[in-house]
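Coordinate analysis (summary)
So you can see what is in the structure, the chains are spelled out below.
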Amino acid sequence: MNRVLLIDDDPAALATTAAQLQPLEVETTWLAGGVEALEHLEQSPTELVICDLMMPEVDGHAVARAYKAHSRWRFVPFLLLTALDSDAAIIAGLEAGADEFVSKPIEGAVLRARVRSLLRAAHLYRQSPPVDRSALIAQAALTTREREVLDLLLLGRTHEDIATVLGITERTSRFHQANLFVKLGGESRLDLLRIFA
Amino acid sequence: MSTAYVETPPLRAPRASARRLLLVEDNEATVLAVRAYLETRGFDVHVVGDGRTALTAAAETDVRLVLMDLQLPGMDGLDVTQRLRAQGVLKPIIALTAHAMPDDERRCLAAGATAYLAKPVRLRQLADTIERLLEVQP
């Protein structure tokens, strides 16, 4: 059974969303806001996250950024649900890392179709053939330092963090990143994630 | 589903007035949660993942307070805390520990920690503790 994490500071909205999802026979876990969502990061990932945008203290954007920076939650489809429907709100939501953006009120049937679509895409992704990471690294002839930088980049660490952890400067960290791009054939950190995901 | 790989830098540009903290922690979920939450409370959170690096990072003058996980690779958090105190670093250190043993609090305080919080970290409680300690020791 698919597990869905519901995050909303409005209990009535949580109940509404859960009721709308009921025909899908998913198991829902409810969290009362963005702070609780951040605290939940250490739990095992579910199959889907549905998160409200406008919440006090920690809003849906901040939750999406944190979840999409996590090495395992990153792969869980993240749907932002919000009363806002301006182009700017949609763009900001997707830029924060959300995979889907839905404006309330929404018909239950439409929400369920969107949820099924996200679950389907995640399922397809899981079936894609695994990458032989060590073979790739051997083929690219990475140095030990480059491998260390690569590992930290894949964890979503900033150059500032990498510099601190490895005892090098940020400039050197960026230099290693540039070499990684050349050796592995990518142009951005996004490409590295695609190569090794 | 390429959107699953969206690059999301965890650090937002800190406000000029942000108070700098050092988080010494190697657990990814804790780092992300603590950083995201404390940023909304007006802090600029720097993170290091091991005790040895923490020794130099914690001594930097613009770091106002240190959050110290006790289970670190290599040198553990209690050891780091003791060494910092021995170096004359007086800023507040909040110890964070995963397996709360009855004796933990006493051991933390004996090592020189200013306060002690058991994991899982409750973010609001953590931020309130930080605010309180910074008021006492600006």
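Small disclaimer: the values here were computed from a predicted structure and weren't measured. (Residues numbered from 1 in each chain as written. Chains lettered and ligands numbered in written order. Predicted model: local features only at pLDDT ≥ 70, side-chain atom pairs only at ≥ 80, totals over all residues. Heavy atoms only, no water.)

What follows covers helix H1 (residues 28-40) of chain B. Residues and elements named next belong to chain B. Between its first and last C-alpha, H1 extends 19 Å over 13 residues, near the 18 Å set by a 1.5 Å rise per residue. Most of H1 is tucked away: 11 of the 13 residues are buried. Of the residues making up H1, those classed as buried are Ala29, Thr30, Val31, Leu32, Ala33, Val34, Arg35, Ala36, Tyr37, Leu38 and Glu39. The N-cap residue of H1 is Asn27: its side-chain oxygen and the backbone nitrogen of Ala29 are 3.0 Å apart. (Helix = DSSP H or I, 4+ residues; strand = E, 2+ residues; numbered from the N terminus. Expected span 1.5 Å × (residues − 1). Buried < 20%, exposed > 50% of the residue type's maximum accessible area, 1.4 Å probe, protein only. Polar contact = N/O pair within 3.5 Å; in protein donor to acceptor, adjacent residues only side chain to side chain.)

All right, on to helix H10 (residues 189-196) of chain A then. Residues and elements named next belong to chain A. For H10, the complete set of buried residues consists of Arg189, Leu192, Leu193 and Phe196. The arc that holds the buried residues of H10, viewed along the axis, is 100 degrees, so those residues lie on one side. For H10, the secondary structure elements touched by its buried residues are helix H6 (133-140), helix H7 (144-154), helix H8 (159-166) and helix H9 (170-184). (Arc of directions from axis to C-beta. Contact = heavy atoms within 4.5 Å.)

The next thing to look at is the interface of chain B and chain A. For an interface, size is often stated in terms of accessible area lost upon the parts coming together. Contacts between the two partners involve 31 residues from chain B, matched on the other side by 36 residues from chain A. Interface of chain B and chain A: buried area, both sides summed, is about 3,100 Å²; carbon and sulfur atoms make up 58% of it. With its nearest N and O atoms 2.7 Å apart, the salt bridge here joins Glu57 of chain A to Arg124 of chain B. At the surface where chain B touches chain A, the tally comes to 7 residue pairs in polar contact (both at pLDDT 80 or more). Looking at the side of chain B that touches chain A, the elements that each hand over two or more residues are H1, strand S2 (43-48) and helix H5 (123-136) of chain B. If you tally residues by element for the side of chain B that touches chain A, the top one is H1 of chain B, at 8 residues. Tallied by class, the residues present in the side of chain B that touches chain A amount to 17 nonpolar, 7 polar and 7 charged. (Buried area = accessible area lost by both parts, 1.4 Å probe. Salt bridge = Lys/Arg side-chain N within 4 Å of Asp/Glu carboxyl O. Nonpolar A, V, L, I, M, F, W, Y, C, P; charged D, E, K, R; others polar.)

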